[in-house]
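Coordinate analysis (summary)
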Amino acid sequence: MKVAVAGCCHGALDKMYETLELLQRRHNVRPDLLLCCGDFQAVRNEADLRCMAVPAKYRHMQTFYRYYSGEKKAPVLTVFIGGNHEASNHLQELPYGGWVAPNIYYLGYAGVVRFRGVRIGGISGIFKSHDYRKGHFESPPYNQQTIRSAYHVRNIEVFKLKQLKRPIDIFMSHDWPRSIYHYGNKKQLLKMKSFFRQEVESNTLGSPAASELLQHLKPTYWFSAHLHVKFAAFMQHEANSKEELPKATKFLALDKCLPHRDFLQIIDVEHDPNAGDSLEYDAEWIAVLKATNSLVNVTQSTWNMPEKNGLHAKWDYSVTEEAIKEVLEELNHDLKIPCNFTLTAACYDPSKPQKNMEPVHTINPQTTEFCAQFGLTDINDRIQQAKEEASGRAECEEEEEEEMDSTGSAEEPSEYNTDNSGLSSFNPDEIMLDEEGGDEDLSTCSVDPSPDHPPEFSTSFSDIRIMPDSMAVSSDDAMDSNNEELEKSGGSKQVEEKSSTERSLKRISGDENGNSGVKKIKRRNQAIYAAEDEDKTD
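Thresholds, definitions, all that
Each chain has its residues counted from 1, following the order in which its sequence is written. Thresholds applied to this predicted model are a pLDDT of at least 70 for local features of residues and 80 or more for the giving and counting of side-chain atom pairs; totals over whole chains, interfaces and linings are not thresholded and use all residues. No hydrogens and no water enter the side-chain calculation; it runs on all heavy atoms of the structure. UniProt positions are given in the numbering used here, feature names are shortened, and annotations may be inferred rather than shown by experiment. Numbering of helices and strands runs from the N terminus; a helix is a DSSP stretch of H or I covering at least four residues, while a strand is a stretch of E covering at least two. Working definition: with a 1.4 Å probe on protein chains only, accessible area under 20% of the residue-type maximum means buried, over 50% means exposed, and in between means partly exposed. Any two residues whose heavy atoms approach within 4.5 Å are treated as being in contact. Residue-level accessible areas treat just the shown protein chains as cover; the underlying method is Shrake-Rupley with a 1.4 Å probe. In the sections that follow, a salt bridge refers to a side-chain nitrogen of Lys or Arg positioned within 4 Å of a carboxyl oxygen of Asp or Glu. Here a polar contact is taken to be a pair of N or O atoms separated by no more than 3.5 Å, where protein atoms must pair a possible hydrogen donor with a possible acceptor and residues adjacent in sequence count only if both atoms sit in side chains. Think of a 1 Å grid over just the protein atoms. A cavity is a set of points where a 1.4 Å probe fits yet cannot get out, a pocket is an open set with protein on both sides within 12 Å along at least five of seven lines, and lining residues have an atom within 4 Å of a point. Grid points are joined across faces, edges and corners, and a volume is the space filled by probe spheres set on the points. Here the term charged refers only to Asp, Glu, Lys and Arg, the term nonpolar to Ala, Val, Leu, Ile, Met, Phe, Trp, Tyr, Cys and Pro, and the term polar to all other amino acids, Gly among them. Paired strands, in this sense, are two strands between which DSSP finds at least two bridges. Lines are fitted to the C-alpha atoms to define the axes, a helix being fitted only along its stretch in contact, and any angle between axes, read from their N-to-C directions, falls within 0 to 180 degrees. Here, nonpolar core refers to any group of buried Ala, Val, Leu, Ile, Met, Phe, Trp, Tyr and Cys residues whose side-chain atoms link them within 4.5 Å. In what follows, roughly perpendicular refers to angles from 65 to 115 degrees, roughly parallel to angles under 35, roughly antiparallel to angles over 145, and oblique to any angle outside these ranges.

By the naming in an unreviewed UniProt entry, the protein goes by Debranching RNA lariats 1 and is assigned to Cyanoderma ruficeps. Per UniProt, the protein carries the Subcellular location (unreviewed entry) text "Nucleus". Looking at the protein in UniProt, the text filed under Sequence similarities (unreviewed entry) is "Belongs to the lariat debranching enzyme family."

What follows is the structure, encoded as structure tokens:
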């Protein structure tokens, strides 16, 4: 089975599908499946654009709305995960996954599906430590904080995925697993992207949560995007027991979807020739969702997942073969995912633009049906209930205050400064094209690097590249990665912050002394996106 893998799509669906059609005409290669590793941008209308965490000048409608409306249909089954530049209100409707358009399927916050016997998993969003232990509490209309926290990975999704025991063939994440660069041609990566040097040397580039999943799941393939550079790696895993066979993961990061960029890869994947052509539920994953349903949290309070530390009566939520069998029986052994896509928002009309359209919190019928079928909590319904309860409490408190005021009680002054005039539109989480800061969170490493078997890294790319059956390993790369002393990047003078707002932002994104990494991150992000405007004019 031929699988096409794309990096950051950024809403350019026409370009992506046209490239696949060109591939078929020129090389007689027709992929059976297309995977997209985030920043898909399923934007239906102007309200969706307002929910995408990018500067206003980069909020473009692109072409997804044509597939949403039915004007066009994806020529190949497309499965994608979310990134950090998404219409978060749209994807939030489908926390467990679902169809965003005919033939285009979103995996949800985390998910596992099957296609022709191939097991495909993924986790959406990017890692930020300050939101990692929170629940999914956000809902539109978003504020400056929640428009970004909505796409941050949560520990509950990682916990669910870690309950899986059966092998995974393909896994997708938007940001790279931390330390994966030590298993590829690191020298070539830094030659192409020198602004990664400090984070690579300090082992802070990428997601520790994704790294944890990589070690646990040990998939045959792992695909990522986010950093807008192509990079290959080969990671040999240690066996957990003498009985376990050695496993290895072929990692590939893809570039973004733009002309003259190497954003698409074709791989051959072994599949079940007797399996049907429909996308299917994964029985073990459904069983895990049922087992962990009691852990669902829709508050922003931080909490830890159950561990074997004496504080939890239960910490192992992996499922038995009997539980998997029960799922199969519930579905009458028919795992086909129903094609139940429905419109839940007005579609963009170029002839009648609605710039003032406001986003609303929507409960998607697909999610309602899925939760009812498997006895799961509808996260959006729970959020809506929490909002209504909070609104009711606020009304009661307001009535009590009015009663107190009517008795002549004077209001005591607050000890906190309520002036919010200093709030900035600066996005500390965002990879921006200009002056904005970066997405990667700088926290401790969770993987010990081992450059035993890095692959050869190709330095010349075309729009389409067909991956060989096996990835070549170069001993020279290993020597470069392990023994060469990399030059330290030069320091830059710290610019004194003049306003209280700027000082506050430094404290948020820096260390306890106020030293900020924003300046360094800006250089990297500017370099990542430096050619974007130029590319758009080509």
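The subject of this paragraph is the overall build of the protein. Along the backbone of the protein there are 18 helices and 14 strands. Taken across its 538 residues, the protein has 52% of its residues classed as buried. Considering only residue pairs separated by 6 or more positions, the protein has 79% of its internal contacts joining residues 24 or more positions apart. Counting every atom, the protein has about 25,600 Å² of accessible surface; 46% of that belongs to carbon and sulfur.

Looking now at the pattern of salt bridges. Evaluation of the coordinates by the stated rule reveals 17 salt bridges. The shortest N-O distance in the salt bridge between R116 and D277 comes to 2.8 Å. Separated by 161 residues along the polypeptide, R116 in the loop between β6 (110-115) and β7 (118-123) and D277 in the loop between β12 (264-268) and β13 (279-281) bring together distant segments of the chain. Given the relative accessible area of 17%, R116 is considered buried. Notably, a salt bridge pairs E321 with R166, separated by 2.8 Å at the nearest N-O pair.

On to helix α10 (residues 208-217), then. Most of α10 sits inside the fold, with 7 of its 10 residues counted as buried. Buried within α10 are the following residues: P208, A209, A210, S211, L213, L214 and L217. Two or three places before A209, at the opening of α10, S207 has a side-chain oxygen 3.2 Å from that residue's backbone nitrogen. Phi turns positive, to about 50°, at K218, one or two residues after α10.

This model, assessed by the stated rule, comprises 7 cavities of 30 Å³ or more. In this structure, the largest cavity occupies an estimated 200 Å³ of space. In terms of lining, the largest cavity is formed by 19 residues, of which the most central are Y106, Y109, S124, A150 and Y151. Counting residues per element, the lining of the largest cavity draws most heavily on helix α4 (residues 88-92), at 3 residues. Its residues placed into classes, the lining of the largest cavity shows 7 nonpolar, 8 polar and 4 charged. The volume enclosed by the second largest cavity comes to roughly 90 Å³. In this structure, the second largest cavity is lined by 13 residues; those nearest its centre are G97, Y281, N340, Q366 and F370. Taken together, the elements giving at least two residues each to the lining of the second largest cavity come down to β4 (98-101) and α13 (365-374). Per element, the largest residue contribution to the lining of the second largest cavity is 4 residues, and it comes from α13. Among the residues making up the lining of the second largest cavity, the classes are represented as 7 nonpolar, 5 polar and 1 charged.

A few words on the environment of G97. As for its placement among the helices and strands, G97 is situated in the loop between α4 and β4. Taking the C-alpha atoms as reference, G97 lies 9.8 Å from F80; in sequence the two are 17 residues apart. Leaving out residues up to four positions away in the same chain, G97 has contacts with Y105, Y106, L107 and G108.

Quick look at the sheet that holds strand β8 (residues 170-173) now. With respect to topology, 7 strands assemble into an open sheet ordered β10-β11-β9-β8-β7-β6-β13, the strand pairing being mixed. Because the sheet does not close on itself, it has two edges, and the strands there are β10 (231-237) and β13. Here the average twist between neighbouring strands, direction ignored, is 25°.

We now examine helix α11 (residues 283-291). Burial of α11 is extensive: 7 of the 9 residues sit out of reach of the surface. All of the buried residues along α11 are A283, E284, W285, I286, A287, V288 and L289. On the buried face of α11, the contacting elements are β6, β7, α7 (155-161), β13, α12 (321-330) and α13. The N-capping residue of α11, defined by a side-chain oxygen 3.3 Å from the backbone nitrogen of E284, is D282.

Here the focus is the pairing of β4. In terms of strand pairing, β4 meets strand β5 (residues 104-106) through 3 bridges, oriented antiparallel. Within β5, the position partnered with G98 by the bridge is Y106. Count of turn residues in the β4/β5 antiparallel hairpin: 2 residues, of which N103 carries a positive phi of about 75°.

Below, the discussion takes up the nonpolar core. For soluble globular proteins, the rule of thumb is that nonpolar side chains tend to be buried together. In this structure, F40 and I104 are the most contacted members of the largest nonpolar core, which totals 114 residues. Counting residues per element, this core draws most heavily on α11, at 6 residues. If near-sequence neighbours (up to four positions away) are discounted, I104 is found in contact with L13, Y17, F40, F64, Y67, A74, T78, F80, G98 and W99. Formed by 9 residues, the second largest nonpolar core is a distinct cluster that contains V43, L49, Y58 and M61.

Where α11 contacts α12, the two axes come as close as 8 Å, and the packing angle between them is 105°. Put simply, α11 runs roughly perpendicular to α12. Residue-level inspection shows A283, E284, I286, A287 and K290 of α11 in contact with α12, the latter providing A323, I324, V327, L328 and E330. Broken down by class, the residue content of the contact of α11 with α12 amounts to 7 nonpolar, no polar and 3 charged.

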